[in-house]
Number of protein chains: 2
Amino acid sequence: MTDDELERIATHFRLLGEPMRLKILQAVCQEPRTVNDIVAAVDATQANVSKHLSLLATAGILTRQKDGQCVYYGLNDELTLKMCALVHEQLAD
Amino acid sequence: MTDDELERIATHFRLLGEPMRLKILQAVCQEPRTVNDIVAAVDATQANVSKHLSLLATAGILTRQKDGQCVYYGLNDELTLKMCALVHEQLAD
DNA sequence: TGAACATATAACCAATTAGTAATATGTCAA
DNA sequence: TTGACATATTACTAATTGGTTATATGTTCA
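Predicted model, so just to flag it, every value in this text is computed and none were measured.

Draft legend 1. Region of interest: the pairing of strand 2 (residues 62-67) of chain B. All names here are of chain B. As judged from the six bridges shared by strand 2 and strand 3 (residues 70-75), these two strands associate in the antiparallel manner. Along strand 3, the bridge assignment pairs L62 with L75. With antiparallel pairing between neighbouring strands as the criterion, strand 2 and strand 3 make up a hairpin whose turn holds two residues, including G68 at a positive phi of roughly 65°.

Draft legend 2. The protein's contact with DNA strand D, seen in detail. As a structural note, the neighbourhood of DNA strand D is formed by 21 residues, with A47 and G68 of chain A together with T34, N36 and A47 of chain B the closest of them. Put simply, the parts of the chain that give the surface near DNA strand D at least two residues each are helix 4 (46-58) of chain A together with helix 3 (35-42), helix 4 (46-58) and strand 3 of chain B. If one sorts the elements of the surface near DNA strand D by residue count, helix 4 of chain B sits on top with six residues. Counted by class, the surface near DNA strand D contains eight nonpolar, 10 polar and three charged residues.

Draft legend 3. Seen up close, the interface of chain A and chain B. Facing 22 residues of chain A, the contacting portion of chain B comprises 23 residues. Here the side of chain A that touches chain B is built from residues that sort into 13 nonpolar, three polar and six charged.

Draft legend 4. Representation of unusual backbone geometry in the model. Residues and elements named next belong to chain A. We note that D43 has phi near 55°; this positive angle belongs to a residue other than glycine. Mapped onto the elements, D43 comes out in the loop between helix 3 (35-42) and helix 4. For D43, a count of 9 C-beta atoms within 10 Å corresponds to the exposed category.

Draft legend 5. Quick peek at the relation of the copies chain A and chain B. With an RMSD of 0.0 Å, chain A superimposes on chain B once it is rotated by 180° and translated 0.0 Å along the axis. Classification of the inter-copy transformation places it as that of a two-fold axis. Residue by residue, 100% of the interface of chain A is reproduced at the interface of chain B, so both copies engage with the same surface.

Draft legend 6. Highlighting the sheet that holds strand 2 (residues 62-67) of chain A. Residues and elements named next belong to chain A. Reading across from one edge, 1-3-2 is the order of the three strands in this open sheet, with antiparallel pairing throughout. With one partner strand each, in any of the chains shown, strand 1 (33-34) and strand 2 form the two edges of the open sheet. Relative to strand 3 (residues 70-75), helix 2 (residues 19-28) is tilted by about 95°, and along the sheet it contacts strand 1, strand 2 and strand 3.

Draft legend 7. Seen up close, the sheet that holds strand 3 of chain B. Residues and elements named next belong to chain B. Pairing within the open sheet is antiparallel, and its three strands lie in the order 1-3-2. Only two strands of the sheet have a single neighbouring strand rather than two, namely strand 1 (33-34) and strand 2. Pairing analysis gives two bridges linking strand 1 to strand 3, with the strands arranged antiparallel. Each bridged residue has a counterpart across the sheet, and for T34 the counterpart in strand 3 is Y72. Sheet contacts for helix 2 (residues 19-28): strand 1, strand 2 and strand 3; angle to strand 3, the most-contacted strand, approximately 95°. Across the sheet, helix 4 touches strand 2 and strand 3, and the angle it forms with strand 2 is around 115°.

About the criteria used
- Residues numbered from 1 in each chain as written.
- Chains lettered and ligands numbered in written order.
- Predicted model: local features only at pLDDT ≥ 70, side-chain atom pairs only at ≥ 80, totals over all residues.
- Pairing = 2+ DSSP bridges.
- Helix = DSSP H or I, 4+ residues; strand = E, 2+ residues; numbered from the N terminus.
- Near = placed C-beta within 6 Å.
- Nonpolar A, V, L, I, M, F, W, Y, C, P; charged D, E, K, R; others polar.
- Contact = placed C-beta atoms within 7 Å.
- Buried ≥ 20, exposed ≤ 12 C-beta atoms within 10 Å, placed from the backbone.
- Least-squares fit on C-alpha atoms with pLDDT ≥ 70 in both.
- Axes fitted to C-alpha atoms, helices over the stretch in contact; angles between N-to-C directions.

Below, the structure is given as structure tokens:
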């Protein structure tokens, strides 16, 4: 495993390592939602949510699709989906 | 999902979000190793490795077992093991 | 065109943290 | 006991980053 691979994996984990971002993932894991919807769902500032969304989308964890003046963010990263499933499973204990 | 649960999960992910800690996990994932062994394996300072080991053990990700003047750290956290497996799987792409 | 709305970005601050150097603690063997 | 070894801890610095406020960009509709 090269240093570069390790760095990429670590970055992925680090992005999942903030409660606010986990909340955002929860908000979009069923279906894509607009920024405004997400802001309402996670109860945070629009600027703050936008910043997190940008990070997650840049990393390929979220998809970004513009429709008119709205932007829909969705979760379609296989790895992240599986990890979330693992965590949910684990929480059942 | 309560804020407390989110925080716990985020902490778990955050701990996996550093390349040096991933290297350490790689070093101990087969069998428990001593601190000195791990230091040699990951090519870092003893103090630095010790600090990371302490964090990982406190979080329950690593086990700690003292034998004479050596301390063996091992990986037996189910969740972390599964996540590492997922990542390896993913890297095959 | 201009106003209302949706999203993004920039500048900033406070808090966290990875790494280091030095030292402390604890254990064995001669 | 003393010296060598293994590990932990402390104090510190530099860099990263989450959150905020204010503003910019872009889109729709009257």
